[in-house]
Amino acid sequence: MEALLFGAQASATAGVTSGLIGTGGLFKMGTMLSSIGTLSSVMGAIGGGSAANQAAQFQGDMYARQAQREREMGELQAGRLRTENERVAATQRALLASGGRDISSGSALLIQGDLAEEGEFNALLTENNTAAKISSLRSQEVLERARGKNAKTASYFRAGSSLLKGSSKAFG
């Protein structure tokens, strides 16, 4: 291709290229640039939605892991409480028996029953609090995953909107 054309050669070449690119050509430079811009907007919208979805799914995974850890820690803590309660009850029985009391009736039996109830209540309270934490984390997980899916869906609508706007500018 020649770098510069002058005279008759220039007008002949201009006539050939004006059919494709130029003032009355099939592809106007502005139309091409507008189309490139539209394509860029479409790809950006889809890419942004995909990235937001991936981030939300990752955050959802983190909430799921945290819920699992809370469950494990809650079970461990409740188990430790029960073990400690059994130790305290055994110590109390030994102390009562060493004092010459009958531990199978009367006040000694009531004290042991109250102690056992309170210990189990504390263990159940720990389990209940753990269940509430897990429920909250699971809810956050579900919401985060839904947020990601919604961001991805919204990106398709933004891409479609960009495509429509771009095509109306280019061909409208």
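Computed from a prediction, not measured in an experiment: that's the story for all the values here.

1. Focus: the confidence of the model for the chain
- Confidence in the prediction of the chain, expressed as mean pLDDT, is 82, and 79% of residues score 70 or more.
- Looking across the chain, the model is least confident in helix α1 (residues 8-17), with a mean pLDDT of 48, and most confident in helix α3 (residues 106-171), with 89.
- Here residues 1-8 scores under 50 on pLDDT; set against residues more than four positions off or in separate chains, the count is three contacts.
- In the predicted structure, residues 10-20 sits below a pLDDT of 50 and forms nine contacts with residues beyond four places in sequence or in another chain.

2. Examining the environment of serine 161
- Relative to the assigned elements, serine 161 resides in helix α3.
- Considering only alpha carbons, one finds serine 161 and serine 41, 120 residues apart in sequence, at a separation of 9.6 Å.

3. Describing the pattern of salt bridges
- One pass over the full model with this rule turns up nine salt bridges.
- As a salt-bridge pair, arginine 145 and glutamate 141 come within 3.2 Å of each other at their nearest N and O atoms. Of this pair, arginine 145 and glutamate 141 both sit in helix α3, four residues apart, roughly one helical turn.
- Among the ionic pairs, arginine 147 bridges to glutamate 144, the shortest N-O distance being 2.6 Å. Taken together, the positions of arginine 147 and glutamate 144, both in helix α3 and three residues apart, correspond to about one turn of that helix.
- Ionic contacts of the salt-bridge type, sharing partners, join the residues Asp61, Arg138, Glu141 and Arg145 into one network.

Reading the values: the criteria
Residues numbered from 1 in each chain as written. Predicted model: local features only at pLDDT ≥ 70, side-chain atom pairs only at ≥ 80, totals over all residues. Heavy atoms only, no water. pLDDT = per-residue confidence, 0-100. Helix = DSSP H or I, 4+ residues; strand = E, 2+ residues; numbered from the N terminus. Contact = heavy atoms within 4.5 Å. Salt bridge = Lys/Arg side-chain N within 4 Å of Asp/Glu carboxyl O.

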